Amino acid sequence: MKTWKKILALAFGGALALSLAACGGAGAASSAATSAAAAAGDFKLVKDGTLTVITSADYPPFENMEGDEIVGFDAALIREIGKHLGLEVEISHQGFDTLITAVAGGSSADVAISAITIDPERANDVDFSDSYYDSNLAIVVLKDSGLTAADANAAKEALAGAAVGAQSGTSGEAWIEENLPSNSYTPYQETPDLLNQLRTKSIVAAVYDQPVAEAHVNGEYNDCEILTVIPTGEQYGIAVNKDNAALTAAINEALASIKADGTMDKLIQEYLA
C-alpha cells in the first residue's frame, strides 16, 4: 500500500486502456477482446478456465468473510474482471504479507487483489495492473485516548514514545518505520488483531488504510476514532506474475471497460460510499 507504477510492465496495458476509453462502445469492445484472449489462451493460468485469486479477507469493505464466501469491493471487482475475461473466478484467503510472494511464485495463484498499494519494492517481484482506487492512511486511536492531532506532523509529536501497531507488510507499517522509528512497534497478521490490541491498550495507535478505518470506527469499532488522516495518495493495483504480461494487459482492458460502462461507479457506491 504505497503510490507508484511499474511503467515498463504496464505500458502495453495502459495504452490499451487509454485507447479503449477514447472510443465509443469501449465496454463491449473490451469484453469481446478479453474473452477472445482467454479463449485463445494468450495468457497463462494456474487452472484452465479459471482465474485463481488470493486475498487477505479481513479488510472490510474491500474484502471480508461472510459465512463461507469472500465478499467486498475487491471481490466484486475481480469477479467482474473474470466475466470480461470469460473465466470462472476462485478466491481464497491467506495472510496479507504472503500475497506478493505467492503470486511471484506463479504456481498457486494467478493474481492477488487485497487493497494492495502499487510500490517499487513490490514491483520488483510482481507486475501491477493499472490502479483502480486511490487511498490514504489513517491513524486510529481509542476515543478516550486524550490524543489530538490536526495533521500527520502533529500526530508524530502526539505519538512520540507510544506503542503503535500496523498490519504486517502494509504501507501502515512502512509509515511507522519511516516516521516513528524510535517507537515501540508491533506488527499484526490481521486487522482485527490490531484493533483488539488497541482496545486492550497494548498499543496506543493503529495505522492503516483510511477507507477501512472509516468503516471500522463507524461500525463495529465505534469506541475508536481517527486521530488524523495521512495524505499518502497511494493507489491500489492487482498483482500479477511477471511472466504473465498478457494477463496484465487483459486485466487492464477489463478495468478500462468496467470504468467506462459505469460498473466501477456502481461498485464504489455499493461498497465504499
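To be clear, the structure that these remarks concern was listed above.
Cut-offs and rules
Residues numbered from 1 in each chain as written. Predicted model: local features only at pLDDT ≥ 70, side-chain atom pairs only at ≥ 80, totals over all residues. Heavy atoms only, no water. Axes fitted to C-alpha atoms, helices over the stretch in contact; angles between N-to-C directions. Helix = DSSP H or I, 4+ residues; strand = E, 2+ residues; numbered from the N terminus. Parallel < 35°, antiparallel > 145°, perpendicular 65-115°, else oblique. Left-handed = near helix turned anticlockwise from the far one by under 90°. Contact = heavy atoms within 4.5 Å. Nonpolar A, V, L, I, M, F, W, Y, C, P; charged D, E, K, R; others polar. Buried < 20%, exposed > 50% of the residue type's maximum accessible area, 1.4 Å probe, protein only. Pairing = 2+ DSSP bridges. Expected span 1.5 Å × (residues − 1).

Q: How do you make sense of the packing of helix H3 (residues 73-85) against helix H11 (residues 263-271) when you look at a structure like this?
A: Describing two packed helices takes the angle between their axes plus the distance from one axis to the other. In the contact formed by H3 and H11, the axes pass within 10 Å of each other and the chain directions differ by 155 degrees. Between H3 and H11, the interaxial angle falls into the category roughly antiparallel. The crossing of H3 and H11 is right-handed. Here Phe73, Ala76, Leu77 and Glu80 of H3 lie close against H11, whose contacting residues are Thr263, Met264, Leu267, Ile268 and Tyr271. Classifying every residue of the contact of H3 with H11 by side-chain character gives seven nonpolar, one polar and one charged.

Q: Honestly, the pairing of strand E8 (residues 133-142) in this entry has me stumped. Any pointers?
A: Within a regular beta strand, the side chains point alternately toward one face of the sheet and then the other, so they alternate between its two faces. With eight of 10 residues buried, E8 lies mostly within the body of the structure. Looking at chain direction, E8 and strand E12 (residues 224-236) are connected through nine bridges and run antiparallel. The partner of valine 140 across the bridge, within E12, is isoleucine 226. In terms of strand pairing, E8 meets strand E11 (residues 205-209) through four bridges, oriented antiparallel.

Q: Looking at this structure, how should I read the pairing of strand E1 (residues 50-55)?
A: When you tally the buried positions in E1, you get six out of six residues, the bulk of the element. What you see with E1 is no split at all: Thr50, Thr52 and Ile54 on one side and Leu51, Val53 and Thr55 on the other are buried throughout. Inspection of the sheet shows E1 paired to strand E5 (residues 88-93) by six bridges, in the parallel sense. Within E5, the position partnered with threonine 52 by the bridge is glutamate 90. For E1 and strand E6 (residues 111-112), the ladder comprises two bridges, and the chain directions are parallel.

Q: Whenever I open this one, the packing of H3 against helix H10 (residues 245-260) confuses me. Can you help?
A: Relative to each other, H3 and H10 sit at 105 degrees, their axes nearing to 9 Å. Accordingly, the angle class assigned to the pair H3 and H10 is roughly perpendicular. Residues Leu77, Glu80, Ile81, His84 and Leu85 of H3 form the contact with H10, whose own contacting residues are Leu247, Ala250, Ile251, Ala254, Leu255, Ser257 and Ile258. When the residues that make up the contact of H3 with H10 are grouped by side-chain class, the tally is nine nonpolar, two polar and one charged.

Q: What is the right way to read H10 from this model?
A: In an α-helix, one turn spans 3.6 residues, which is why side chains three or four residues apart end up on the same side. A rise of 1.5 Å per residue sets the reference length of H10, with its 16 residues, at 22 Å; its end C-alpha atoms lie 23 Å apart and thus fit the reference within 8%. Residues of H10 that are buried include every one of Leu247, Thr248, Ala249, Ala250, Ile251, Asn252, Glu253, Ala254, Leu255, Ala256, Ser257 and Ile258, and no others.

Q: For this particular structure, what's the right way to read the sheet that holds strand E2 (residues 58-59)?
A: Within a sheet, each strand pairs with its neighbour through backbone hydrogen bonds, oriented either parallel or antiparallel. Spatially, three strands are ordered E2-E3-E4 in an open sheet, and the strand pairing comes out antiparallel. Each edge of the sheet is formed by a strand with only one pairing partner; in this case those strands are E2 and strand E4 (69-71). Sheet topology note: the E2/strand E3 (residues 63-66) ladder contains two bridges and is antiparallel. The residue of E3 that forms the bridge with tyrosine 59 is glutamate 63.

Q: Explanation requested: the environment of valine 53 in the structure shown.
A: Within the element layout of this structure, valine 53 appears in strand E1. Valine 53 sits in the buried class, given a relative accessible area of 0%. Expressed as a C-alpha distance, the spacing of valine 53 and valine 89, which sit 36 residues apart in the sequence, is 7.1 Å. If near-sequence neighbours (up to four positions away) are discounted, valine 53 is found in contact with Ile78, Val89, Glu90, Ile91, Ser92, Val111 and Ile113.

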